[in-house]
Amino acid sequence: MLNVVRVHRFQLSLVVAAACWGGATVVSKRAVEEIEPLTLLPLELTVSVAVVGAAMLIRRERVGWSPEMRRLSALGVLNPGLAYALSLAGLARVEASVSVLLWALEPVLIVTIAFVVLRERVPRSVALCAGAALAGVFLVVFQPGYASGVGIALTIAGVTACAVYTVLSSRFLIEASTVSVVFVQQVTALLFALVLLLGSIVLSDQAPLGGVSATAWLSAVAAGALYYGVAFWFYLAGLRGVTASLAGLFINLVPVFGLTASYIVLGERLPGRQWIGAIVVISAVAAAALFVGRPASAEHGAQRVEA
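As the structure is a computational prediction, the values presented were derived from the model and not from experiment.

(A) Spatial organisation of the nonpolar core. Counting 66 residues, the largest nonpolar core has Trp21, Leu41, Tyr84, Tyr228 and Tyr235 as the members making the most contacts within it. When residues of this core are assigned to their parent elements, the largest contribution, 10 residues, is made by helix α1 (residues 2–32). What Tyr228 contacts, discounting residues up to four positions off in sequence, is Leu41, Glu44, Leu45, Ser48, Pro80, Tyr84, Leu88, Val182, Gln186 and Ala223.

(B) The pattern of salt bridges, seen in detail. Applying the stated criterion across every chain, the model contains two salt bridges. Note that Arg30 is salt-bridged to Glu33, the shortest N-O span being 3.8 Å. According to the relative accessible area criterion, Arg30 is partly exposed, its value standing at 23%. Salt bridges sharing partners connect three or more residues here, namely Arg30, Glu33 and Glu34.

(C) Seen up close, the packing of helix α8 (residues 178–203) against helix α9 (residues 214–239). Orientation of α8 relative to α9, taken along the N-to-C sense of each, is 135 degrees, at an axis distance of 9 Å. Accordingly, the angle class assigned to the pair α8 and α9 is oblique. Every pair of crossing elements has a handedness; the one defined by α8 and α9 is right-handed. Residues Thr178, Val179, Val181, Val182, Gln185 and Gln186 of α8 form the contact with α9, whose participating residues are Tyr228, Gly229, Phe232, Trp233, Leu236 and Ala237. Here the contact of α8 with α9 is composed, by residue class, of eight nonpolar, four polar and no charged.

(D) Here's a closer look at the side chain of Thr155. One can find Thr155 in helix α7 (residues 149–172). By relative accessible area, Thr155 is classed as buried at 0%. For Thr155, the residues in contact, after removing those within four places along its chain, are Leu86, Ser87, Gly90, Leu91, Ser99, Leu102 and Trp103.

Calculation rules
Residues numbered from 1 in each chain as written. Predicted model: local features only at pLDDT ≥ 70, side-chain atom pairs only at ≥ 80, totals over all residues. Heavy atoms only, no water. Core = buried A, V, L, I, M, F, W, Y, C linked by side-chain atoms within 4.5 Å. Buried < 20%, exposed > 50% of the residue type's maximum accessible area, 1.4 Å probe, protein only. Helix = DSSP H or I, 4+ residues; strand = E, 2+ residues; numbered from the N terminus. Contact = heavy atoms within 4.5 Å. Salt bridge = Lys/Arg side-chain N within 4 Å of Asp/Glu carboxyl O. Axes fitted to C-alpha atoms, helices over the stretch in contact; angles between N-to-C directions. Parallel < 35°, antiparallel > 145°, perpendicular 65-115°, else oblique. Left-handed = near helix turned anticlockwise from the far one by under 90°. Nonpolar A, V, L, I, M, F, W, Y, C, P; charged D, E, K, R; others polar.

Below is the structure:
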């Protein structure tokens, strides 16, 4: 009974992470309308590092530089570093509703990579649901003249980087404290983002920040706290107790939260064909959640050190 409660707690953490990512994408869209993506990324990561660092002080935690922690720290370059540099660049070119739906590709990629790299068994029902979700994404994004092809390509590249990160993190995340892992990865990502910003300043002119509205600044701060701090904390906490492929299914909830937020906050509307695609994606995820039991390979996860 205790193990069942733990499993549900891990899954709830993944749901909260998806809600944070979906909502924060919409908030970031408001910020990226006025702030260049390579400028916005270090701003948001600075907020995240401050939030997570404060949490570490409150919990009186210290970072232990074990070989495991060094590997996890390096993954920060991949995600949120490279992944969200690409994602924000894509978000600047497409609507927030399209961006969040593109994240439905991540579970498909996670399942594929987990099968190839970790040899995780993927039930046929889950594979069929993943394929249906992919078809739904195609209905959403591949419409002539609707969304930027460059924006879509950049977003998909960011999603791919996140998928690789999930698989590798599930392999390395064993004993380290969740908040410590989030902190070191955010710091690594921030350093990487600052290098990208410096390179962009040298190679091209950056838009001045003097004309940025208070709303955009507040959006950047809120997105930084939710997107990189709170969301990653809950995601890594959930990833401790489930396999990478099962965790990936919860990523498909990001479009649900994101579409709702984009409708309420930005007033974005999807054309009929895109709504069909969105319904296919969400239905496929719901079906997969019904089919998926807790794999035996994840049993050890419930015994891991908790956050």
